Amino acid sequence: MAAPCAEMEPAAPPPSPPAPPAAAPGSAGLVCAQGRNLRAVLCQRCGSRVLLPGAATFARRELLLPAMRKKAAAAAAGGGGDVLREHWLVRDMFSFENVGFTRDVGNVKFLVCADCEAGPIGWHCLDDKDSFYVALERVAHE
(Lines give C-alpha, C1' and ligand atoms only; values in the text may rest on other atoms or scores of the structure.)
Protein backbone atom coordinates (compact mmCIF):
# COMPACT_ATOMS: atom_id res chain seq x y z
CA MET A 1 0.00 0.00 0.00
CA ALA A 2 1.36 3.43 -0.95
CA ALA A 3 1.93 5.96 1.79
CA PRO A 4 0.19 9.34 1.66
CA CYS A 5 2.36 12.26 0.59
CA ALA A 6 2.71 13.66 4.13
CA GLU A 7 4.34 10.40 5.23
CA MET A 8 6.69 10.39 2.24
CA GLU A 9 8.60 13.55 3.20
CA PRO A 10 12.31 12.65 3.46
CA ALA A 11 14.11 13.19 6.78
CA ALA A 12 17.13 14.70 5.01
CA PRO A 13 17.12 16.42 1.62
CA PRO A 14 17.81 13.85 -1.11
CA PRO A 15 20.66 14.49 -3.55
CA SER A 16 19.03 16.65 -6.26
CA PRO A 17 16.06 14.48 -7.32
CA PRO A 18 14.31 15.22 -10.61
CA ALA A 19 11.59 17.81 -10.15
CA PRO A 20 8.02 16.49 -10.52
CA PRO A 21 6.06 17.91 -13.43
CA ALA A 22 4.53 21.28 -12.63
CA ALA A 23 0.87 20.90 -11.81
CA ALA A 24 -1.53 22.43 -14.27
CA PRO A 25 -4.44 24.62 -13.09
CA GLY A 26 -6.85 21.65 -13.24
CA SER A 27 -4.65 19.63 -10.89
CA ALA A 28 -4.03 22.39 -8.30
CA GLY A 29 -4.40 21.02 -4.78
CA LEU A 30 -4.26 17.42 -5.99
CA VAL A 31 -0.49 16.91 -6.35
CA CYS A 32 2.04 16.86 -3.48
CA ALA A 33 5.70 17.97 -3.67
CA GLN A 34 6.74 14.46 -4.78
CA GLY A 35 4.24 14.55 -7.65
CA ARG A 36 1.84 12.03 -6.07
CA ASN A 37 -1.91 12.29 -5.51
CA LEU A 38 -2.76 14.10 -2.26
CA ARG A 39 -6.37 12.91 -2.23
CA ALA A 40 -8.19 9.67 -2.80
CA VAL A 41 -9.39 9.13 -6.38
CA LEU A 42 -13.09 8.24 -6.71
CA CYS A 43 -15.53 7.24 -9.43
CA GLN A 44 -17.50 10.32 -10.53
CA ARG A 45 -20.72 8.32 -10.89
CA CYS A 46 -20.91 6.10 -7.80
CA GLY A 47 -18.18 7.47 -5.51
CA SER A 48 -16.35 4.14 -5.27
CA ARG A 49 -12.68 4.53 -4.25
CA VAL A 50 -10.32 3.87 -7.17
CA LEU A 51 -6.97 4.89 -5.61
CA LEU A 52 -5.74 5.77 -2.12
CA PRO A 53 -3.74 8.98 -1.53
CA GLY A 54 -0.12 8.58 -2.61
CA ALA A 55 -0.79 5.61 -4.91
CA ALA A 56 -0.19 7.42 -8.23
CA THR A 57 2.08 10.00 -9.83
CA PHE A 58 0.89 13.01 -11.83
CA ALA A 59 1.75 12.63 -15.53
CA ARG A 60 1.08 14.51 -18.75
CA ARG A 61 0.44 12.45 -21.85
CA GLU A 62 -2.05 12.91 -24.68
CA LEU A 63 -4.37 9.92 -24.75
CA LEU A 64 -7.58 9.39 -26.69
CA LEU A 65 -10.29 7.89 -24.52
CA PRO A 66 -13.76 6.99 -25.84
CA ALA A 67 -16.68 9.08 -24.57
CA MET A 68 -17.62 8.23 -20.98
CA ARG A 69 -20.59 5.87 -20.52
CA LYS A 70 -21.55 2.69 -18.74
CA LYS A 71 -19.78 -0.34 -20.25
CA ALA A 72 -22.96 -1.79 -21.83
CA ALA A 73 -23.87 1.57 -23.45
CA ALA A 74 -20.31 2.04 -24.72
CA ALA A 75 -20.41 -1.36 -26.43
CA ALA A 76 -23.71 -0.51 -28.16
CA ALA A 77 -22.60 2.97 -29.32
CA GLY A 78 -19.38 3.55 -31.17
CA GLY A 79 -17.09 6.45 -32.03
CA GLY A 80 -16.61 9.70 -30.18
CA GLY A 81 -13.88 10.38 -27.72
CA ASP A 82 -11.78 12.95 -25.91
CA VAL A 83 -8.07 13.71 -26.00
CA LEU A 84 -7.06 13.98 -22.35
CA ARG A 85 -3.70 15.28 -21.16
CA GLU A 86 -3.56 15.04 -17.35
CA HIS A 87 -3.46 11.64 -15.70
CA TRP A 88 -2.58 9.72 -12.59
CA LEU A 89 0.12 7.21 -13.55
CA VAL A 90 -0.05 3.95 -11.62
CA ARG A 91 2.91 1.56 -11.97
CA ASP A 92 1.39 -1.51 -10.27
CA MET A 93 -2.10 -2.76 -11.08
CA PHE A 94 -2.44 -3.99 -7.49
CA SER A 95 -2.27 -0.36 -6.27
CA PHE A 96 -5.88 0.10 -7.40
CA GLU A 97 -8.61 -0.22 -4.81
CA ASN A 98 -11.36 -0.73 -7.35
CA VAL A 99 -10.92 -0.82 -11.12
CA GLY A 100 -12.03 -3.01 -13.99
CA PHE A 101 -10.64 -3.49 -17.47
CA THR A 102 -12.39 -3.71 -20.83
CA ARG A 103 -11.60 -6.35 -23.39
CA ASP A 104 -8.62 -5.65 -25.60
CA VAL A 105 -9.15 -2.90 -28.17
CA GLY A 106 -6.12 -3.48 -30.36
CA ASN A 107 -3.25 -3.42 -27.87
CA VAL A 108 -5.13 -1.24 -25.33
CA LYS A 109 -7.41 -1.98 -22.40
CA PHE A 110 -9.55 0.80 -20.97
CA LEU A 111 -10.03 1.21 -17.22
CA VAL A 112 -13.57 1.40 -15.79
CA CYS A 113 -15.12 1.58 -12.33
CA ALA A 114 -15.47 -2.00 -11.10
CA ASP A 115 -18.67 -1.17 -9.16
CA CYS A 116 -20.82 0.75 -11.66
CA GLU A 117 -18.80 0.04 -14.85
CA ALA A 118 -18.72 3.75 -15.75
CA GLY A 119 -15.86 4.68 -17.99
CA PRO A 120 -13.49 4.60 -19.48
CA ILE A 121 -11.68 6.44 -16.71
CA GLY A 122 -8.26 5.41 -17.94
CA TRP A 123 -6.02 3.61 -20.36
CA HIS A 124 -3.49 0.77 -20.34
CA CYS A 125 -1.29 -0.29 -23.26
CA LEU A 126 -0.60 -4.03 -23.26
CA ASP A 127 2.93 -3.38 -24.57
CA ASP A 128 3.81 -1.62 -21.29
CA LYS A 129 2.81 -3.84 -18.36
CA ASP A 130 3.75 -1.20 -15.75
CA SER A 131 1.80 1.88 -16.90
CA PHE A 132 -1.84 2.50 -16.06
CA TYR A 133 -3.21 6.01 -16.73
CA VAL A 134 -6.30 7.42 -14.94
CA ALA A 135 -7.58 10.66 -16.48
CA LEU A 136 -8.03 13.46 -13.94
CA GLU A 137 -11.09 14.74 -15.84
CA ARG A 138 -12.82 11.36 -15.54
CA VAL A 139 -12.57 10.93 -11.75
CA ALA A 140 -13.44 12.81 -8.55
CA HIS A 141 -11.15 13.47 -5.58
CA GLU A 142 -11.75 13.57 -1.80
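Up top you'll find the structure we're talking about.
This one's a predicted model, so the numbers in the text were calculated from it and none came from an experiment.

Each value, and the rule that gives it
- Residues numbered from 1 in each chain as written.
- Predicted model: local features only at pLDDT ≥ 70, side-chain atom pairs only at ≥ 80, totals over all residues.
- Heavy atoms only, no water.
- Helix = DSSP H or I, 4+ residues; strand = E, 2+ residues; numbered from the N terminus.
- Buried < 20%, exposed > 50% of the residue type's maximum accessible area, 1.4 Å probe, protein only.
- Contact = heavy atoms within 4.5 Å.
- Areas by Shrake-Rupley, 256 points an atom, 1.4 Å probe, with all protein chains shown as cover.
- Phe/Tyr/Trp six-rings, centres within 6.5 Å; stacked < 30°, edge-to-face > 60°.
- Pairing = 2+ DSSP bridges.
- Axes fitted to C-alpha atoms, helices over the stretch in contact; angles between N-to-C directions.
- Patch = residues over 30% accessible without salt bridge, like charges linked within 9 Å, V, L, I, M, F, W, Y side chains within 5 Å.
- Salt bridge = Lys/Arg side-chain N within 4 Å of Asp/Glu carboxyl O.
- Lys, Arg positive; Asp, Glu negative; His and termini not counted.
- Charge placed at Lys NZ, Arg CZ, Asp CG, Glu CD.
- Disulfide = S-S within 2.5 Å.

### Comments concerning the overall build of the protein chain
Helices and strands together make up the secondary structure of the protein chain, namely 1 helix and 11 strands. For the protein chain, buried positions account for 40% of its 142 residues. The long-range share in the protein chain, meaning contacts at least 24 apart out of those at least 6 apart in sequence, stands at 57%. Summing over all exposed atoms, the protein chain offers an accessible surface of approximately 7700 Å²; the carbon and sulfur share of this is 54%.

### Concerning the packing of aromatic side chains
All chains considered together, the criterion is met by 4 aromatic pairs. Measuring from ring centre to ring centre gives 6.1 Å for F101 and F132, while their planes differ by 65 degrees; the resulting arrangement is edge-to-face. Of this pair, F101 sits in strand 6 (residues 100–101) while F132 sits in strand 10 (residues 132–135), placing them 31 residues apart in sequence. Exposure remark for F101: the relative accessible area of 27% places this residue in the partly exposed category.

### As for the sheet that holds strand 1 (residues 41–43)
Taken in spatial order, the 3 strands make up an open sheet running 2-1-11, and their pairing is antiparallel. Each edge of the sheet is formed by a strand with only one pairing partner; in this case those strands are strand 2 (49–51) and strand 11 (139–141). On average, each strand axis in the sheet is inclined to that of its neighbour by 45 degrees, with strand direction left out of account. Where strand 1 lies against strand 2, 2 bridges are found, and the strand directions are antiparallel. Within strand 2, the position partnered with V41 by the bridge is L51.

### A word on a negative patch on the surface
Residues D92, D127, D128 and D130 make up a contiguous surface patch of negative charge. With respect to the helices, strands and loops of the structure, D128 is situated in the loop between strand 9 (122–125) and strand 10.

### Some details on the state of the cysteines
Summed over all chains, the structure comprises 0 disulfides. With no disulfide of its own, C46 lies closest to C113 among cysteine sulfurs, the gap being 3.6 Å. In this structure C116 is a free cysteine whose sulfur lies 3.6 Å from that of C43, the closest cysteine sulfur available.

### A look at the sheet that holds strand 10
The 6 strands lie next to each other as 3-5-10-9-7-6, forming an open sheet whose pairing is antiparallel. Looking at strand neighbours, the two that pair on one side only are strand 3 (57–66) and strand 6, the edges of this open sheet.

### Concerning the pairing of strand 10
Side-chain alternation along strand 10 places F132 and V134 on one buried face and Y133 and A135 on a second face that is also buried. Alignment of strand 5 (residues 81–90) against strand 10, held across 4 bridges, turns out to be antiparallel. In the sheet register, V90 faces strand 10, and the bridge partner there is F132. Bridge count between strand 9 and strand 10: 3 bridges; the pairing is antiparallel. By the bridge assignment for strand 10, H124 is matched with F132. Linking strand 9 back to strand 10 in an antiparallel pair, the connection comprises 6 residues.

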